[in-house]
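Remarks on the overall topology
Chain by chain, the residues run as shown.
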Amino acid sequence: MTTVVIALGSNLGDRAGNLRRACELLADEGVTLTRRSSIWETAPVPAGQPAFLNAVVVGETALGAAGLLAATKRLERQLGRRPSRHWGPRPIDLDILFYGDARIDSIELVVPHPRIAERSFVLVPLSEAWPGVLPLLGRRALDLLTEVGLEGLRRTSESLEE
């Protein structure tokens, strides 16, 4: 089994429901979730679209990296995501942040996710779900967050648990 860390985001429809449903579907795909962050609301980038809800989950899976990527893309389609403009509004977005301690650099998948250290909307929930030193980065998410700041984030009362 490989430990995986996945970021979830949604800014269309039932945003919290989309995140919870993605967790259920990940389990159906063979990812046993072991930790879940709080749900955080963040301002959209770029502006001019609904605010995002973001969370991070940690799990274990027997899927290979390519299989996990295929599963996340399948789940995004199942939850209504369709091809659209880059960084546009979407009912669900699933990003593989870490796949064990593997460094992957292919056209389809880059792990660790290349923009982790720049995104407070990833670092805040990541610091909850994985408070220790991050694989391959050698630093805690909380330490990286001090360089980015918390502007535009707020914890919601929603939960990834049903």
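Further up the page is the structure itself.
What counts and what doesn't
- Residues numbered from 1 in each chain as written.
- Predicted model: local features only at pLDDT ≥ 70, side-chain atom pairs only at ≥ 80, totals over all residues.
- Heavy atoms only, no water.
- Helix = DSSP H or I, 4+ residues; strand = E, 2+ residues; numbered from the N terminus.
- Rg over C-alpha atoms; globule rule 2.2 N^0.38 Å.
- Buried < 20%, exposed > 50% of the residue type's maximum accessible area, 1.4 Å probe, protein only.
- Contact = heavy atoms within 4.5 Å.
- Salt bridge = Lys/Arg side-chain N within 4 Å of Asp/Glu carboxyl O.
- Pairing = 2+ DSSP bridges.
- Core = buried A, V, L, I, M, F, W, Y, C linked by side-chain atoms within 4.5 Å.
- Axes fitted to C-alpha atoms, helices over the stretch in contact; angles between N-to-C directions.
- Parallel < 35°, antiparallel > 145°, perpendicular 65-115°, else oblique.
- Left-handed = near helix turned anticlockwise from the far one by under 90°.

Turning our eyes to something else, we now look at the overall build of the chain. Within the chain, the secondary structure is distributed over four helices and eight strands. When its helices and strands are written in sequence order, the chain yields β-α-β-β-β-α-β-β-β-α-α-β. By the compact-globule yardstick of 15 Å for 162 residues, the chain fits well, its C-alpha radius of gyration being 14 Å. Principal-axis analysis of the C-alpha atoms gives the chain an extent of 40 × 35 × 35 Å. Split into buried and exposed, the 162 residues of the chain put 49% on the buried side. The contacts of the chain with a sequence gap of at least 6 include a subset with a gap of at least 24, amounting to 71%.

This brings us to the pattern of salt bridges. Any two side chains of opposite charge can pair, on the condition that their charged atoms come close. Considering all chains together, one arrives at 10 salt bridges under this definition. In this structure, Glu 29 and Arg 74 form a salt bridge, with 2.8 Å as the shortest nitrogen-oxygen distance. Of this pair, Glu 29 sits in the loop between α1 (15-28) and β2 (31-36) while Arg 74 sits in helix α2 (residues 65-78); the two residues are 45 residues apart in sequence, bridging distant segments of the chain. Each of the salt bridges in this network shares a partner with another, and the network as a whole consists of Arg 15, Glu 41 and Arg 154.

Right, let's talk about the pairing of strand β5 (residues 93-99) for a bit. Here β5 lies mainly inside the structure; seven of its seven residues are buried. Relative to β5, strand β1 (residues 2-10) is paired through six bridges, and the arrangement is antiparallel. Bridging from a neighbouring strand, Leu 8 pairs with Leu 94 of β5.

Among the nine residues that make up β1, seven are buried, leaving the element largely enclosed by the rest of the structure. The sheet contact formed by β1 and strand β4 (residues 52-61) spans nine bridges and is antiparallel. Following the sheet pairing, Ser 10 is matched in β4 by Leu 53.

Judged by nonpolar contacts, the single largest core of 28 residues is most densely connected at Leu 19 and Val 57. Mapped by element, the contributors of at least two residues to this core are β1, α1, β2, β4, α2 and β5. With six residues, α1 is the single largest residue contributor to this core. With sequence-adjacent residues up to four places away left out, Leu 19 is seen in contact with Leu 8, Gly 9, Ser 10, Ile 39, Leu 53, Asn 54, Ala 55, Ile 92 and Leu 160. With 19 residues, the next largest nonpolar core counts Leu 97, Phe 98, Leu 134 and Leu 145 among its residues.

In terms of burial, helix α3 (residues 120-129) is a largely internal element, eight of the 10 residues being buried. Every buried residue of α3 is accounted for by Ser 120, Val 122, Leu 123, Val 124, Pro 125, Leu 126, Ser 127 and Ala 129.

Between α3 and helix α4 (residues 141-148), the least distance of the axes is 9 Å, while the angle of their chain directions is 150°. The angle between α3 and α4 places the two elements in the roughly antiparallel class. Handedness of the crossing formed by α3 with α4: left-handed. Residues Ser 120, Leu 123, Val 124, Leu 126 and Ser 127 of α3 form the contact with α4, whose participating residues are Ala 141, Leu 142, Leu 144, Leu 145 and Val 148.

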